[in-house]
Amino acid sequence: MTKRKLGNSGLEIAPLALGGNVFGWTVDEAASFRILDGFLDAGFNFVDTADVYSKWVSGNHGGESETIVGKWLKGGKRSKVILTTKVGMEMSPGEKGLSKAYIERAVERSLKRLQTDYIDLYQSHQNDPETPLDETLETYQRLIQQGKVRAIGASNYSSERLAEALAVSERHGYPRYESLQPLYNLYDRADYEEQLEPLCREKGLGVISYFSLASGFLTGKYRSESDFDKSQRGPMVKKYLNERGLAILDALDEAADEYDATPAQMALAWLMARPGITAPIASATSISQLEDLVEATTVQLDRATIERLNQASAAERTTAKKTASN
């Protein structure tokens, strides 16, 4: 399997990343271990988590996913994994953001939960308008010098803020964000393609897309409101169940039939074929789902299929442009 370079970080990752947001939420510890083992055994190496996963679950406080990943890493697995986690989302009152003091507290907590002494890719989970970029980037520089972090990335940044951060790094000699983790999939295209993609390609940043299957909608699992009860993620896909969303599913179904594959594999293969995408992130709640995701990396879409999928999902771009001009 050909690995892809993540910006100029020196990190090389397989073309599919495993999302850890479900660990401690819809997947318990034992099932998480099986999925992680299966992912590693299949030749993949990039595991994505965050300190805030899965704080939104009743009874959780955040850190559940990191704790599960940390327990799994014990026993010689650490050197085989490229591990990314994130900082910045609110963990408790006053515990959020990208200030020097908070990052220094948060990284120690993540390292403890992950049971490791270094994080391969440490990401700013969201922009912190209250903290100067210089302060954040200088703090990351210190963590890299201390060997606690190998490289840094950004998630949920606007193109303007990301460009500003890159300029600050260049001006002061700080480490730069080597990757972007944006919302991007066949349905959610406009924000990334129109604003962020040109910047990432110009600057040579790696891109690891999240919600790559639109919270499961692009698997074809949810085709009517009656399907929302199939999982705890049902309410999250309601916004996709419209004329455009169903047209995308029709195009995925057609392509899947031609390739003897599944809609999920087609949606991920489309992302992997997009210039500039290093690896889409996708989550699995069972071994069968994991096998479906892994198989997507063997699908090579021809230009005609890519264009068909582009056309089926293109309406969002036109809508976005019209909205911006109003």
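Quick note: structure is the one above.
Residues numbered from 1 in each chain as written. Predicted model: local features only at pLDDT ≥ 70, side-chain atom pairs only at ≥ 80, totals over all residues. Heavy atoms only, no water.

1. Topic: the overall build of the protein chain
Okay, step 1: Looking only at helices and strands, the protein chain has 11 helices and 10 strands in total.
Okay, step 2: In terms of C-alpha radius of gyration, the protein chain reaches 19 Å, essentially the compact-globule figure of 20 Å for 326 residues.
Okay, step 3: Judged by the C-alpha coordinates and their principal axes, the protein chain covers about 50 × 50 × 40 Å.
Okay, step 4: Across the 326 residues of the protein chain, 55% fall into the buried class.
Okay, step 5: A sequence separation of at least 24 residues applies to 75% of the contacts in the protein chain between residues at least 6 apart.
Okay, step 6: A total accessible area of about 14100 Å² is found for the protein chain, and carbon and sulfur atoms account for 47% of it.
Okay, step 7: Counting 39 positive and 46 negative side-chain charges, the protein chain places the averaged centre of each group 4 Å from the other. (Helix = DSSP H or I, 4+ residues; strand = E, 2+ residues; numbered from the N terminus. Rg over C-alpha atoms; globule rule 2.2 N^0.38 Å. Buried < 20%, exposed > 50% of the residue type's maximum accessible area, 1.4 Å probe, protein only. Contact = heavy atoms within 4.5 Å. Areas by Shrake-Rupley, 256 points an atom, 1.4 Å probe, with all protein chains shown as cover. Lys, Arg positive; Asp, Glu negative; His and termini not counted. Charge placed at Lys NZ, Arg CZ, Asp CG, Glu CD.)

2. Some remarks on the side chain of Ser209
Okay, step 1: Along the polypeptide, Ser209 turns up in the loop between β9 (206–207) and α7 (243–259).
Okay, step 2: On the basis of relative accessible area, Ser209 is assigned to the buried category, the value being 0%.
Okay, step 3: With near-sequence residues (within four places) excluded, Ser209 lies in contact with Pro182, Tyr184, Leu271, Ala279, Pro280 and Ile281.

3. Comments concerning the nonpolar core
Okay, step 1: Among the nonpolar cores identified, the biggest contains 90 residues, and Tyr122, Tyr140, Leu162, Tyr177, Leu218, Leu252 and Leu268 are the most heavily contacted of them.
Okay, step 2: Per element, the largest residue contribution to this core is eight residues, and it comes from helix α8 (residues 263–273).
Okay, step 3: Counting residues in hydrophobic clusters, the runner-up holds 11 residues, among them Ala17, Ile82, Leu121 and Ile208. (Core = buried A, V, L, I, M, F, W, Y, C linked by side-chain atoms within 4.5 Å.)

4. Examining the environment of Tyr192
Okay, step 1: Looking at the element boundaries, Tyr192 is found in helix α6 (residues 190–203).
Okay, step 2: Once the C-alpha coordinates of Tyr192 and Arg142 are considered, the two residues, 50 residues apart in sequence, prove to be 30 Å apart.
Okay, step 3: Discounting residues that sit within four places of it in the chain, Tyr192 has contacts with Pro182, Leu183, Tyr184, Glu197, Pro198, Val207 and Ile277.

5. Focus on helix α2 (residues 64–73)
Okay, step 1: Among the 10 residues in α2, eight count as buried, and that is most of the element.
Okay, step 2: Of all the residues in α2, the buried ones are Glu64, Ser65, Glu66, Ile68, Val69, Gly70, Trp72 and Leu73.
Okay, step 3: Structurally, α2 contributes buried residues whose contacts are with α1 (29–41), β5 (82–87) and α3 (100–114).
Okay, step 4: Note on α2: the residue one or two positions beyond its end, Gly75, has a positive phi of about 100 degrees.

6. What about α1?
Okay, step 1: The end-to-end C-alpha separation of α1 is 18 Å, in line with the 18 Å expected for 13 residues at 1.5 Å each.
Okay, step 2: Taken together, the buried positions of α1 are occupied by Ala31, Ser32, Ile35, Leu36, Phe39 and Leu40.
Okay, step 3: Of the residues that open α1, the one with a side-chain oxygen 3.4 Å from the backbone nitrogen of Ala30 is Asp28.
Okay, step 4: At the C-terminal side of α1, Gly43 shows a positive phi close to 100 degrees. (Expected span 1.5 Å × (residues − 1). Polar contact = N/O pair within 3.5 Å; in protein donor to acceptor, adjacent residues only side chain to side chain.)

7. Considering the packing of aromatic side chains
Okay, step 1: Following the criterion strictly, the structure yields 11 aromatic pairs and no others.
Okay, step 2: Geometrically, the ring pair formed by Phe39 and Phe44 is stacked, given 5.3 Å between the ring centres and 25 degrees between the ring planes. Phe44 carries the same exposure label as Phe39, and that label is buried.
Okay, step 3: Their ring planes at 70 degrees and their centres at 6.4 Å tell us that Tyr140 and Tyr177 sit as a pair that is edge-to-face. One end of the pair, Tyr140, is in helix α4 (residues 133–145); the other, Tyr177, is in strand β8 (residues 177–181), and 37 residues separate them in sequence.
Okay, step 4: Put simply, the rings of Tyr122, Tyr140, Tyr157 and Tyr177 touch in pairs and so form one group of aromatic residues.
Okay, step 5: Here the basic side chain of Arg244 rests over the ring of Tyr187, its NZ or CZ set 4.3 Å away from the ring centre. (Phe/Tyr/Trp six-rings, centres within 6.5 Å; stacked < 30°, edge-to-face > 60°. Lys NZ or Arg CZ within 6 Å of the ring centre and 35° of its normal.)

8. Things to note about unusual backbone geometry
Okay, step 1: Here the bond from Tyr53 into Ser54 is cis, since omega is -5 degrees, no more than 30 degrees from zero.
Okay, step 2: With respect to the element layout, Ser54 can be found in the loop between β4 (46–48) and α2.
Okay, step 3: In this model, Phe211 sits at a positive phi of 50 degrees, which is unusual for a non-glycine residue.
Okay, step 4: In this fold, Phe211 is placed in the loop between β9 and α7.
Okay, step 5: A positive phi angle is found at Ser215, which is not glycine, with a value near 55 degrees.
Okay, step 6: Turning to its location among the elements, Ser215 is positioned in the loop between β9 and α7.

9. As for the sheet that holds β8
Okay, step 1: Taken together, eight strands build an open sheet; the order of strands is β9-β8-β7-β6-β5-β4-β3-β10 and the sheet is parallel. Of all strands in the sheet, those with a lone pairing partner are β9 and β10 (281–282), marking the two edges.
Okay, step 2: Looking at chain direction, β5 and strand β6 (residues 119–124) are connected through four bridges and run parallel. Within β6, the residue paired with Lys86 across the bridge is Gln123. (Pairing = 2+ DSSP bridges.)

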